[in-house]
Amino acid sequence: MPEATEDSLLALALALAGRPLGMFQSGDDGRGKGAMGSLVERALGIAPSSRPEPDVPELGVEVKTVPVKGGRVAESTWVCTAAPASLVEETWATSRARAKLARVLFVPIDVTAPALADRRVGTAFL
């Protein structure tokens, strides 16, 4: 994301509200639990990464999709792993979990529709 600010990231996320995820698909997108997050990140211009840092490192912002059905959270949301070795080497202040949870952009996704492409983005919040 060039010249990203929290305000510009939030504005982009808010502009997605009401849109179906199918608008962001490009052929062979997965169907697993991470597929919704990947599509939202693509729509926000965030490059895919498996690094142990927030999705938008220059802002310290993690992006999390939250599956909702009938206005309620439908399933758990994964943040990161805590390998036993890291628990010895890290403190809370230096942990991956803290870095990812310090600032989170939550993007609700209505999962009422069974097809991934038909699921709609809700109103994001930081």
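Criteria and thresholds
- Residue positions are counted from 1 within each chain, in the order its sequence is given.
- Confidence filtering applies because this is a predicted model: local features only for residues at pLDDT of at least 70, side-chain atom pairs given and counted only at 80 or more, and all residues used for totals across whole chains, interfaces and linings.
- In computing side-chain values, all of the structure's heavy atoms are included and hydrogens and water are not.
- Just to be clear on terms, a salt bridge is a Lys or Arg side-chain nitrogen sitting within 4 Å of an Asp or Glu carboxyl oxygen.
- Note on conventions: DSSP H or I runs of at least 4 residues are helices, E runs of at least 2 residues are strands, and numbering of each starts at the N terminus.
- Any residue under 20% of the maximum accessible area for its type is buried, any over 50% is exposed, and the rest in between are partly exposed; the area is computed with a 1.4 Å probe on protein chains only.
- Two residues form a contact once any of their heavy atoms are found within 4.5 Å.
- Note on pairing: DSSP must find at least two bridges between two strands before they are called paired.
- With a 1 Å grid laid over protein atoms only, a set of points is called a cavity when a 1.4 Å probe fits there but cannot get out and a pocket when it is open yet has protein on both sides within 12 Å along at least five of seven lines; lining residues have an atom within 4 Å of a point.
- Grid points are joined across faces, edges and corners, and a volume is the space filled by probe spheres set on the points.
- Any residue that is not Ala, Val, Leu, Ile, Met, Phe, Trp, Tyr, Cys, Pro, Asp, Glu, Lys or Arg is counted as polar, Gly included; the first ten are nonpolar and the last four charged.

Caption draft 1: Region of interest: the pattern of salt bridges. For the coordinates displayed, the defined rule picks out three salt bridges. A salt bridge links Arg 103 to Glu 6, with the shortest nitrogen-to-oxygen separation between them at 3.0 Å. Here Arg 103 is found in the loop between α4 (96-101) and β3 (104-110), whereas its partner Glu 6 is found in helix α1 (residues 6-15), with 97 residues between them in sequence. Note on Glu 6: relative accessible area 27%, which makes it partly exposed. When the shortest N-O distance is used, the salt bridge between Glu 62 and Lys 64 registers 3.4 Å. Glu 62 gets classed as buried once you look at its relative accessible area, which sits at 2%. Classification of Lys 64 as buried rests on a relative accessible area of 12%. Each of Glu 62, Lys 64 and Lys 100 takes part in one network of salt bridges that share partners.

Caption draft 2: Just the side chain of Lys 64, in detail. With respect to the element layout, Lys 64 can be found in strand β1 (residues 62-69). Not counting chain neighbours up to four residues away, the residues in contact with Lys 64 comprise Thr 77, Trp 78, Val 79, Val 104, Leu 105, Phe 106 and Val 107.

Caption draft 3: Here's a closer look at the pairing of β1. Counting buried residues in β1 gives seven out of eight residues, a clear majority hidden from the surface. With seven bridges joining them, β1 and β3 adopt parallel strand pairing. Bridging from a neighbouring strand, Pro 67 pairs with Ile 109 of β3. Sheet analysis places β1 next to strand β2 (residues 72-73), joined by two bridges and oriented antiparallel. What sits directly across from Lys 69, in β2, is Arg 72. The turn linking β1 back onto β2 is made up of two residues, and Gly 70 within it adopts a positive phi angle of 65°.

Caption draft 4: Representation of the layout of surface pockets within the structure. If you add up the space inside the largest pocket, you get close to 780 Å³. If you go around the largest pocket, you meet 35 residues; those closest to its centre are Glu 41, Asp 55, Glu 62, Val 63 and Lys 64. At the level of secondary structure, the elements contributing two or more residues to the lining of the largest pocket comprise α2 (35-43), β1 and α4. Here the residues of the lining of the largest pocket sort into 14 nonpolar, 10 polar and 11 charged.

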